[in-house]
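# Coordinates in review
Given next are the chains, with one letter for each unit.
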Amino acid sequence: MIRVGILGSGFIADSYADSLLDVRNAVLTANYSRNPSRAAEFAERWSSGASFDSMEALCASPEVDLVVIALPNEAHVQAARIAAAVGKGIICTKPLARTAAEAQQIVDLAREAGVWHGYAESSVFSPNIQKAYEMVQAGGIGDLLTMRAREAHSGPHAAHFWDADTAGGGALLDMGCHTVESARHFFGKDNHVTEVFAYGATMVHGDKTTGEDTAVAMLKFEGGQLAVIESSWVEKGGMQLRHELVGSAGRLVTDTSVTPVWGFIENPVGYLVEKSDADTGWVYPVPEETRAYGFSQQMRHFVDSFAAGTQPSETFDDGLVVNTILDACYRAMASRTWEPVVYPNAVFPS
Ligand SMILES: NC(=O)c1ccc[n+]([C@@H]2O[C@H](COP(=O)([O-])OP(=O)(O)OC[C@H]3O[C@@H](n4cnc5c(N)ncnc54)[C@H](O)[C@@H]3O)[C@@H](O)[C@H]2O)c1
């Protein structure tokens, strides 16, 4: 049984705790929050055993084999350093870091400590992306040529996302990290993104953030393929996560947030769907979000890989590549020209 400790007690920590209920060879044994009463509440909510208000104490606990970083972007390096120092396996939520330089630090910490690491990019584990991936791999749409993807909602739920300086960016970093990785997933990780172009603007939330709340980026792959990714914090009406894949012999569409349950309600019924924006009227709740978004499948894969001592399909090196591509997108936003993606030697040794 793999014993898991979660750092954080917010939105994604809850999703990870829920996903662990679907992993039969893992048990949540510990959680950390800066606030002891929130840590205790989390422990009670998920029956997670010990609660800590110190990251060091959770990571050092003999009851924890695998540490999950479910903290704001600005805390990822510190958390990785603490977990690596005591030789624990580490899963880190997306984005791995705020910049490629910071992601490189996290990769180096894990590598130097020789610890197992997984990059928790949930999108590629979601069942609809998995199905589309299998169909593309089986040649159903011939040679994959272009991908258009959109991840959007009406804006983050917590203050740390809105502070672009501490978070490291706006909607492009927060949402674009998903679609950049799904593009790499579909077009092949050895097929490098060589050049990017991006545009970003603060269209609605200028009172809350200096970061972009709307962004479009184009990624050109070495093999000639193109991905267009849209990231938005201004789209009302619930989470949107869509992909359109065009190949020489067909096309595929995925919609992670499409639901078999919808209707018109006059009275609120409680939680419906992530960032639904409305609790009455026409509503579109997504059943089993933890599974629909791929959190359970992701955690199962990570725990199995960790238990077997094998490398998972998403590692910190993938997180570093994503940060590297996003850094180039931010440069393109500023320069208003196509920018080359410059990969650190550590990712693709020459
Ligand atoms: N699909 C996904 O994989 C997904 C979805 C949502 C969020 N995330 C990522 O998860 C991370 C956290 O986001 P969230 O939505 O859970 O945020 P949240 O605000 O809901 O929760 C953050 C938690 O971290 C704690 N915290 C805040 N600042 C801290 C600090 N400096 N040191 C220690 N603890 C601190 C908070 O008290 C809270 O428990 C972000 O990196 C975000 O990008 C991933």
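As for its position among the elements, Asn 128 is in helix α6 (residues 127–137). The sequence separation of Asn 128 and Asp 255 amounts to 127 residues, and the corresponding C-alpha distance is 7.4 Å. Beyond its immediate chain neighbours, meaning those up to four positions away, Asn 128 contacts Thr 254 and Thr 256.

As summarised here, the arrangement of the six strands in space is β3-β2-β1-β4-β5-β6, forming an open sheet in which the pairing is parallel. In the strand order of this sheet, the two ends are held by β3 (50–52) and β6 (117–120), each with one partner. Averaged over all pairs of adjacent strands, the angle between strand axes in this sheet comes to 25 degrees, irrespective of strand direction. The pairing of strand β1 (residues 2–7) with strand β2 (residues 26–32) spans six bridges and is parallel. Looking at β2, one finds that Val 4 is bridged to Leu 28.

Here helix α9 (residues 171–187) is 17 residues long and its end C-alpha atoms lie 23 Å apart, about the 24 Å a rise of 1.5 Å per residue gives. Remark: the principal bend of α9, roughly 40 degrees, maps to Cys 177. Burial analysis of α9 places 17 of its 17 residues in the buried class, which makes it a mostly covered element. After α9 finishes, the residue Gly 188 shows a positive phi value of roughly 105 degrees.

The environment of the ligand is made up of 20 residues, and the closest members are Gly 10, Phe 11, Ile 12, Thr 93 and Ala 158. Ranked by residues supplied to the shell around the ligand, first place goes to helix α1 (residues 11–20) with three residues. When grouped by side-chain class, the residues that make up the shell around the ligand number nine nonpolar, eight polar and three charged. Summarising the domain contributions, the shell around the ligand has at least three residues from each of domain 1 (2–121 + 296–313) and domain 2 (124–288 + 323–340).

Most often, soluble globular proteins have nonpolar side chains that are buried together. Formed by 102 residues in total, the largest nonpolar core has its most connected members in Leu 7, Ile 69, Ile 325 and Cys 329. Counting residues per element, this core draws most heavily on helix α12 (residues 316–335), at 11 residues. Here this core spans two domains, and each of domain 1 (2–121 + 296–313) and domain 2 (124–288 + 323–340) adds at least three residues to it. Those residues in contact with Ile 69, other than ones at most four positions away along the chain, are Leu 7, His 76, Ala 79, Ala 80, Ile 90, Ile 91, Cys 92 and Thr 93.

Between Lys 94 and Pro 95 the backbone carries a cis peptide bond, its omega angle lying at -20 degrees. Secondary-structure assignment places Pro 95 in the loop between β5 (89–93) and α5 (100–113). At Ser 47, a position not held by glycine, the phi torsion is positive, near 50 degrees. Examined against the element boundaries, Ser 47 turns out to sit in the loop between α2 (36–46) and β3.

What follows is about the domain arrangement of the chain. As far as domains go, the chain holds domain 1 (2–121 + 296–313) and domain 2 (124–288 + 323–340). Summarising the inter-unit geometry, the C-alpha centres of domain 1 and domain 2 are found 24 Å apart. On the side of domain 2, 17 residues touch domain 1, which itself brings 17 residues to the contact. Looking at the side of domain 1 that touches domain 2, the elements with two or more residues in it are α5 and α11 (295–308). For the side of domain 1 that touches domain 2, the element with the highest residue contribution is α11, accounting for three residues. Per-class residue counts for the side of domain 1 that touches domain 2 are seven nonpolar, six polar and four charged.

The next subject is the packing of helix α4 (residues 76–85) against α5. Following both chains from N to C, one finds α4 and α5 inclined at 5 degrees, their axes separated by 9 Å at the closest point. Classified by the angle between their axes, α4 and α5 sit roughly parallel to one another. Across the interface between the two elements, His 76, Val 77, Ala 80, Arg 81, Ala 84 and Ala 85 of α4 pack against Glu 102, Gln 105, Ile 106, Leu 109, Ala 110 and Ala 113 of α5. For the contact of α4 with α5, the residue count by class is eight nonpolar, two polar and two charged.

Let us look at α4. Where α4 is concerned, the buried positions are His 76, Ala 79, Ala 80, Ile 82, Ala 83 and Ala 84. In the stretch just after α4, Gly 87 is the one whose phi turns positive, near 70 degrees.

Turning our eyes to something else, we now look at the environment of Phe 11. Mapped onto the elements, Phe 11 comes out in helix α1. Here Phe 11 falls in the partly exposed class, since 13 other C-beta atoms lie within 10 Å of it.

What follows covers the pairing of strand β8 (residues 193–201). Alignment of β8 against strand β9 (residues 214–221), held across eight bridges, turns out to be antiparallel. Directly across from Phe 197, in β9, lies its bridge partner Met 218. The pairing of β8 with strand β15 (residues 339–340) spans two bridges and is antiparallel. From the neighbouring strand, Val 196 faces β15, where its bridge partner is Glu 339.

Parameters and conventions
Along every chain, residues carry numbers that run from 1 in the direction the sequence is written. The model is predicted, so local features are restricted to residues of pLDDT at least 70 and side-chain atom pairs to those at 80 or more, both for listing and for counting; the totals for chains, interfaces and linings are taken over all residues. Each helix is a run of H or I in the DSSP string that is no shorter than four residues. Each strand is a run of E no shorter than two, and both are numbered from the N terminus. We call two residues in contact whenever the C-beta atoms placed from their backbones are within 7 Å. What makes two strands pair is DSSP finding at least two bridges between them. Fitted lines through C-alpha atoms give the axes, limited to the stretch in contact for helices. The angle between two N-to-C directions lies from 0 to 180 degrees. To estimate how far a helix should reach, multiply one less than its number of residues by 1.5 Å. To get the bend at a given residue, fit one axis to the seven residues ending there, fit another to the seven starting there, and take the angle between those axes. With C-beta atoms placed from the backbone, a residue is buried if 20 or more other C-beta atoms are within 10 Å of its own, exposed if 12 or fewer are, and partly exposed between those counts. Residues are classed as near a molecule or strand if the C-beta position derived from their backbone is within 6 Å of it. Note that Gly is not counted as nonpolar here; it falls among the polar residues with everything else outside the nonpolar set of Ala, Val, Leu, Ile, Met, Phe, Trp, Tyr, Cys and Pro and the charged set of Asp, Glu, Lys and Arg. For the domains described, the bounds stem from an automatic or database domain assignment. Each nonpolar core comprises buried Ala, Val, Leu, Ile, Met, Phe, Trp, Tyr and Cys residues, the members being joined through C-beta atoms within 7 Å. If an angle is under 35 degrees, it is roughly parallel; if it is over 145, roughly antiparallel; if it lies from 65 to 115, roughly perpendicular; otherwise it is oblique.

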